[in-house]
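Here's the letter readout for the chains.
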Amino acid sequence: MEQNAEKRIEQLRRKIRKHDKRYYVQSQPVISDRQYDKLFAELKALEKDNPELVTFDSPTQRVSGQPLEGFVTVRHAVPMLSMDNTYNPDELRAFDERVGRQLGSSDYDYVVELKIDGLAISLRYEQGVLVTAATRGNGEVGDDVTANVRTIKAVPLKLLDGGKVPAVLEVRGEVYMPASAFAELNRLRDEAGDPAFANPRNAAAGSLKLLDARTTAARNLSFFAYATGELSEPLGENHYQSLQRLKELAIPVNPNIQKAKDINEVIDICLGWSEKRLELDYQIDGMVIKVDRFDQRDILGATGRAPRWCISSKFAAEQAETVVESIDVQVGKSGILTPVANLKPVQLAGTTVKRATLHNFEELERLDVRCGDAVIIEKAGEIIPQVVDVKMDLRPHGAAPFEIPTECPNCGSEAAKDTDGVYIRCVNRDCPGQLKERLKYFAGRGQMDIENLGSALIEQLVEAGLVKNFADLYKLEAGQLAKLERMAEKSASNVTEALEASKTRPLWRLVAALGIRHIGGQSAQILAEYFGSLDALASAELEVLKDIYQIGPTMAESVYEYFRDPKNRSALDEMMACGMKPQRPEKRRTDKLAGKTFVVTGTLEKFSRRRAEEAIRQAGAKASSSVSKKTDFVLAGENAGSKLDKAKKLGVKVINETEFMEMI
Ligand code: IVH
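Calculation rules
Residues numbered from 1 in each chain as written. Predicted model: local features only at pLDDT ≥ 70, side-chain atom pairs only at ≥ 80, totals over all residues. Heavy atoms only, no water. Helix = DSSP H or I, 4+ residues; strand = E, 2+ residues; numbered from the N terminus. Buried < 20%, exposed > 50% of the residue type's maximum accessible area, 1.4 Å probe, protein only. Contact = heavy atoms within 4.5 Å. Areas by Shrake-Rupley, 256 points an atom, 1.4 Å probe, with all protein chains shown as cover. Phe/Tyr/Trp six-rings, centres within 6.5 Å; stacked < 30°, edge-to-face > 60°. Lys NZ or Arg CZ within 6 Å of the ring centre and 35° of its normal. Pairing = 2+ DSSP bridges. Axes fitted to C-alpha atoms, helices over the stretch in contact; angles between N-to-C directions. Core = buried A, V, L, I, M, F, W, Y, C linked by side-chain atoms within 4.5 Å. Near = heavy atom within 4 Å. Polar contact = N/O pair within 3.5 Å; in protein donor to acceptor, adjacent residues only side chain to side chain. Nonpolar A, V, L, I, M, F, W, Y, C, P; charged D, E, K, R; others polar. Expected span 1.5 Å × (residues − 1). Disulfide = S-S within 2.5 Å. Salt bridge = Lys/Arg side-chain N within 4 Å of Asp/Glu carboxyl O.

1. Examining the overall build of the protein chain
Along its length, the protein chain carries 25 helices and 22 strands. The principal-axis extent of the C-alpha atoms belonging to the protein chain is close to 70 × 70 × 70 Å. Looking at the protein chain as a whole, 48% of its 664 residues qualify as buried. Taking all contacts inside the protein chain whose residues are at least 6 apart in sequence as the whole, residues at least 24 apart take part in 69%. Carbon and sulfur atoms form 49% of the exposed surface of the protein chain, whose accessible area is close to 33,100 Å².

See below:
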């Protein structure tokens, strides 16, 4: 029986993978959904009876059981570059001229693709099995979102072995949310009283960054591949061939890919799609034009930011006309006052828009937006719609210019312009409006993730004078909460339980939650890892902070100042006294250069010596001060002296800064 079960399980998995490929890659399913579900159910039942036969790449194993504590970062083997944009045919022709000039010939083809409006992702397959999925991040380092990406049914957990599967295959592509899934998600969120996502791109990004993969699984994300990263062997001589090869391996590639002989053909294809795009079940924000042949791409190369062999052609943003009913001023968590236009509701790019940001008061003055004005709003792929133009000829008689506030609309304190910027801020650190925003941020998903402590409750708590800082949250008692409007005993105890649970969040979450200016999740992780405790971070000297790899001087100063403020310090002390026990970070996965020894010498351009040594240690290697036979690499900058000579004498490999950056 055991052996039969094993055989049948393998057979079912193979069948399911084949049907997945027919469905997601070829769009030609040959069995009904019901028949598919039957195969799936049989596999599940067999695996349940034979748990020792369950493998990581089985189609049943898409969802992991345990929520993650946070995302680990992954360094991309090949950087994920960005792309230059064009906005009209003339700019496309100029691109083509550059390509022709640099290749010194007119013998090249283009591939024209849809520019899917989602989130770039890199999938790494080793021996045909999906091992990591990472977001683009800053192009060099992204977040490890493997658990979430595994739930996307269009992403094969195992490549199909019709033919040889490369030992290492990195696939790059776009995770997106189909329009139908987006509409359904927002309908459910509305029912549940959750705020709607502004657009499918935002929803896709939000769904991939969830710590609980079970929620991601319910979001119906999908995927199209458009490039490769690291490869153990080439998939073809050109891009078009290599995409065909990806399809054979069961990786979905967008079907609307076209070869074009010259730029006129490219322009025709792009113009065609600017209308046809509305028929698609996903959003695209333009087209991508790529030189097809890889040898020609090598000749063209890349600037630091983007390859020279590829360009996007962006569609004109969708616009709508509506009326400004009023203008509000909102206070942010650091006191910035932002003008927001309340609009007569209007449909734009698939969503209903009721509000639009005016960014800041300089922008408001520049546009001269007034209450009652007819305005043009636009969503140019951005999340938040914005006012781009005022129809002056339609301005109602007597509409007065908006008065720039001189005091905070929330607390009435003075509002002052930043000395070095365009923002106007409420100068009162105890402004209840700011406090509310700081608390909302503190409790938010990306920070302390305190369930049940939502915006409405935070507003009530501040208004009732129960909470004046973060520490006060932890002094709340269920009895007190239950007395608030719309709170029952059960919901009150849910809140205190959630607060209790948040006391043991990882340290980086607490650091991020403090809302220190310039410090987001990623830099909080770096700081938490470096210092290991809040005490050590709080007492760090400015010079030490400045020298940490990936922490810039602005961030360092901001952290330093935050912890020099007695009010901040006492709130933190109180919080600790309430039993806050942030978890020490585990060391990051850094086996990349494990066991290697480096010596840094000379003057480097991009790093101080200490920063370079810090980066070496973060990559798991040792930084030593003297060169010996045991040294693996000498990183030599300008004016390197005796250490460089010694390295040459001993035959130790000498590397420059660029090579070093590639290694780490
Ligand atoms: S190629 C070197 N092809 O657009 C550039 N990108 O604005 C490699 N995108 O980060 C990207 N559809 O997330 C490429 N067919 C397509 C694309 C595409 C969407 C995204 C991608 C990239 C962004 C650049």
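2. Some points on the packing of aromatic side chains
Tallied over the entire structure, the rule returns 13 aromatic pairs. Look at phenylalanine 95 and tyrosine 110: their rings are 6.1 Å apart centre to centre, the planes differ by 35°, and that puts the pair in the tilted class. Taken together, the residues span a long stretch of sequence, with phenylalanine 95 in helix 3 (residues 89-103) and tyrosine 110 in strand 3 (residues 110-116) at a distance of 15 residues. There is no split in this pair, since phenylalanine 95 and tyrosine 110 are both buried. Of note, lysine 276 hangs over the ring of tryptophan 273, and the distance from its end group to the ring centre comes to 4.3 Å.

3. Structural notes on the sheet that holds strand 8 (residues 222-231)
Taking strand neighbours across the sheet as the criterion, the four strands line up as 5-4-7-8 in an open arrangement whose pairing is antiparallel. Both edges of this open sheet fall to strand 5 (129-135) and strand 8, since each of them pairs with a single strand only. The mean inter-strand angle of the sheet, taken between neighbouring strand axes irrespective of direction, is 30°. Where strand 4 (residues 119-126) lies against strand 5, six bridges are found, and the strand directions are antiparallel.

4. Quick notes on the nonpolar core
One finds Phe442, Leu453, Leu473, Leu527, Phe563 and Met575 to be the most contacted residues of the largest nonpolar core, which totals 53 residues. Counting residues per element, this core draws most heavily on helix 17 (residues 507-513), at six residues. If we skip the residues at most four places from it in the chain, methionine 575 touches Phe442, Phe470, Ala471, Tyr474, Leu510, Leu514 and Met580. The next biggest cluster of nonpolar side chains, apart from the first, holds 38 residues, and it includes Phe197, Phe223, Leu246 and Ile251.

5. Some details on the site of the ligand
In the neighbourhood of the ligand, 13 residues make up the surrounding shell, with Glu113, Ile116, Glu174, Tyr226 and Lys290 lying closest. Contacts to the ligand include leucine 114, whose backbone N or O atom sits 3.1 Å from a nitrogen atom. Separating a nitrogen atom of the ligand from a side-chain N or O atom of lysine 290 is a distance of 3.0 Å. Relative to its unbound accessible area of 520 Å², the ligand is 86% covered by the protein chains. Looking at the shell around the ligand, the element that brings in the most residues is strand 3, giving four residues. Across the shell around the ligand, the residue classes break down as eight nonpolar, one polar and four charged.

6. Focus: helix 9 (residues 263-276)
Taking 1.5 Å per residue as the helical rise, helix 9 with its 14 residues ought to reach 20 Å, and the 20 Å between its terminal C-alpha atoms agrees with that figure. Tucked into the core, helix 9 has its buried residues touching helix 3, strand 3, strand 9 (258-260), strand 10 (284-291) and strand 11 (310-314). If you check the start of helix 9, you find a side-chain oxygen 3.1 Å away from the backbone N of asparagine 264, and it comes from aspartate 262.

7. Quick word on the side chain of aspartate 144
As for its placement among the helices and strands, aspartate 144 is situated in the loop between strand 6 (141-143) and helix 4 (146-149). At 2.5 Å, the side chain of aspartate 144 and the side chain of threonine 146 are in polar contact.

8. Considerations on the side chain of threonine 60
Inspection of the secondary structure puts threonine 60 in the loop between helix 2 (33-49) and strand 1 (73-75). Taking relative accessible area as the criterion, threonine 60 reaches 16% and is therefore assigned buried. Ignoring any residue separated from it by four or fewer positions in sequence, one finds threonine 60 in contact with Phe40, Leu43, Lys44 and Glu47.

9. Digging into the state of the cysteines
Inspection of the entire model under this criterion finds zero disulfides. The thiol sulfur of cysteine 310 is not disulfide-bonded, and the nearest other cysteine sulfur, from cysteine 270, lies at 12 Å. Residue cysteine 310 is classed as buried on the basis of its relative accessible area, which comes to 5%. Of all cysteine sulfurs in the structure, the one in cysteine 411 sits closest to cysteine 426, which takes part in no disulfide; the separation is 3.7 Å. What makes cysteine 426 buried here is its relative accessible area of 4%.

10. Description of the sheet that holds strand 21 (residues 633-636)
Taken in spatial order, the four strands of this open sheet run 20-19-21-22, and their pairing is parallel. The open sheet is flanked by strand 20 (622-624) and strand 22 (653-655), the only strands paired with a single partner. Strand after strand, the sheet turns through a mean of 30° between neighbouring axes, direction not considered. Helix 23 (residues 609-618) contacts strand 19 (597-601), strand 20 and strand 21 of the sheet and is inclined by roughly 170° relative to strand 19.

11. Observations concerning the pattern of salt bridges
A complete count under the given rule lists 36 salt bridges for this structure. Two residues, aspartate 57 and arginine 17, come together in a salt bridge whose shortest N-O distance is 3.7 Å. Linking aspartate 57 in the loop between helix 2 and strand 1 with arginine 17 in helix 1 (residues 2-25), this pair joins segments that are 40 residues apart in sequence. One salt bridge in this structure joins lysine 209 and aspartate 143, with 3.8 Å as the shortest N-O distance. Here lysine 209 is found in the loop between helix 6 (200-208) and helix 7 (213-217), whereas its partner aspartate 143 is found in strand 6, with 66 residues between them in sequence. Salt bridges sharing common partners tie together Arg124, Glu126, Glu170, Arg172 and Glu230.

12. With respect to the environment of arginine 219
Structurally, the position occupied by arginine 219 is in the loop between helix 7 and strand 8. Sequence-wise, arginine 219 and alanine 204 are 15 residues apart; in three dimensions their C-alpha atoms are separated by 8.2 Å. The contacts of arginine 219, once residues within four sequence positions are left out, are Met177, Ala181, Leu185, Arg189, Phe197, Ser207 and Leu210.

13. Some thoughts on the environment of asparagine 138
Checked against the element boundaries, asparagine 138 lands in the loop between strand 5 and strand 6. According to the relative accessible area criterion, asparagine 138 is partly exposed, its value standing at 49%. C-alpha of asparagine 138 to C-alpha of leucine 81: the two residues are 57 residues apart in sequence and 9.0 Å apart in space. Only 2.8 Å separates the side chain of asparagine 138 from the backbone nitrogen of valine 141, close enough to count as a polar contact.

Remember, this is a structural readout, not a statement about activity or role.
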